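Notes for the structure review
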Amino acid sequence: MDKAHILGLYRTKLNHIKLTYACLIMWSYPDIPRVFKELHREIIKNDDKGISGLFPDIEQFVDDDIALRIATEELYASAHRAAIKELFPLTKYYCHSTNQLSLLKSQSWFQFWRILRNCWSHEMKFNFNPDEKSRLPVEWSGVVIDISMNGKPLTHGDCSYEKIRELIEAAQEFVKYELA
């Protein structure tokens, strides 16, 4: 993996978040279920991609306001979780393989990101290991993770989507401008 590759992964993850935001906006518009069904029926008529049988109940799903709202919100959340969970080990691997791990570990957001990633990678709640406990509290951009959060899930009251994107963008800038 080279620097261009890892920067491409950052761009892809941030674009994934943007796309899920666009979906969240689109599906909140009241007329979208009708438009979707029209497009879906048209695609099924001319199905040359083999997708017509994938979800036979899709039209009932888009008519279910509650299920649709929950699914779109989870899609948005999962894009953020995937970026945090996947980019951290890839960035760490790149830094390790290029002998720049100490530079990564010196970043103000490194421990915060590591603990956040571990939270979402292990049961979606904080279960601080002894090393993490010894580093608490950690703070980045006004968000604090402390021992009182042990055993609890991370909520967006604790750390908003905006802060998560800021973290990803800060790491991206670090990779772009500070790493070889």
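Quick summary incoming for the structure in this document. Computed from a predicted model, the values in this text were never measured in an experiment. (Residues numbered from 1 in each chain as written. Predicted model: local features only at pLDDT ≥ 70, side-chain atom pairs only at ≥ 80, totals over all residues. Heavy atoms only, no water.)

This paragraph deals with the overall build of the protein. Each helix and strand counted, the protein has eight helices and two strands in total. Helices (α) and strands (β) of the protein occur, in sequence order from the N terminus, as α-α-α-α-α-α-α-β-β-α. Taken over C-alpha atoms, the radius of gyration comes to 20 Å for the protein, far larger than the 16 Å a tight globule of 180 residues would show. Counting only C-alpha atoms, the protein reaches 60 × 40 × 25 Å along its principal axes. The proportion of buried residues among the 180 residues of the protein is 36%. Carbon together with sulfur atoms contributes 56% to the accessible area of the protein, which is approximately 10,600 Å² in total. (Helix = DSSP H or I, 4+ residues; strand = E, 2+ residues; numbered from the N terminus. Rg over C-alpha atoms; globule rule 2.2 N^0.38 Å. Buried < 20%, exposed > 50% of the residue type's maximum accessible area, 1.4 Å probe, protein only. Areas by Shrake-Rupley, 256 points an atom, 1.4 Å probe, with all protein chains shown as cover.)

In this section: a nonpolar patch on the surface. Taken together, the side chains of I43, I51, L54 and F55 make up a nonpolar region of the molecular surface, amounting to roughly 390 Å² of accessible area. Mapped onto the fold, F55 is located in the loop between α2 (32-45) and α3 (58-63). (Patch = residues over 30% accessible without salt bridge, like charges linked within 9 Å, V, L, I, M, F, W, Y side chains within 5 Å. Salt bridge = Lys/Arg side-chain N within 4 Å of Asp/Glu carboxyl O.)

Within the element layout of this structure, H40 appears in helix α2. The residues contacting H40, other than those within four sequence positions of it, are I58 and E59. (Contact = heavy atoms within 4.5 Å.)

Viewed as axis vectors pointing N to C, helix α1 (residues 3-28) and helix α8 (residues 161-178) meet at an angle of 160°, and their least axial separation amounts to 10 Å. The angle between the axes of α1 and α8 places the two elements in the roughly antiparallel class. Considering only the axes of α1 and α8, their crossing is left-handed. Across the interface between the two elements, K3, I6, L7, Y10, R11, L14 and I17 of α1 pack against R165, I168, E169, A171, Q172, V175, K176 and Y177 of α8. Along the lines of polarity and charge, the residues of the contact of α1 with α8 split into nine nonpolar, one polar and five charged. (Axes fitted to C-alpha atoms, helices over the stretch in contact; angles between N-to-C directions. Parallel < 35°, antiparallel > 145°, perpendicular 65-115°, else oblique. Left-handed = near helix turned anticlockwise from the far one by under 90°. Nonpolar A, V, L, I, M, F, W, Y, C, P; charged D, E, K, R; others polar.)

Between the first and last C-alpha of α1 there are 38 Å, a value that for 26 residues agrees with the 38 Å anticipated at 1.5 Å per step. When we look at burial in α1, the residues that qualify are I6, L7, G8, Y10, K13, L14, I17 and T20. Buried residues belonging to α1 abut α4 (65-97), α6 (110-121) and α8. (Expected span 1.5 Å × (residues − 1).)

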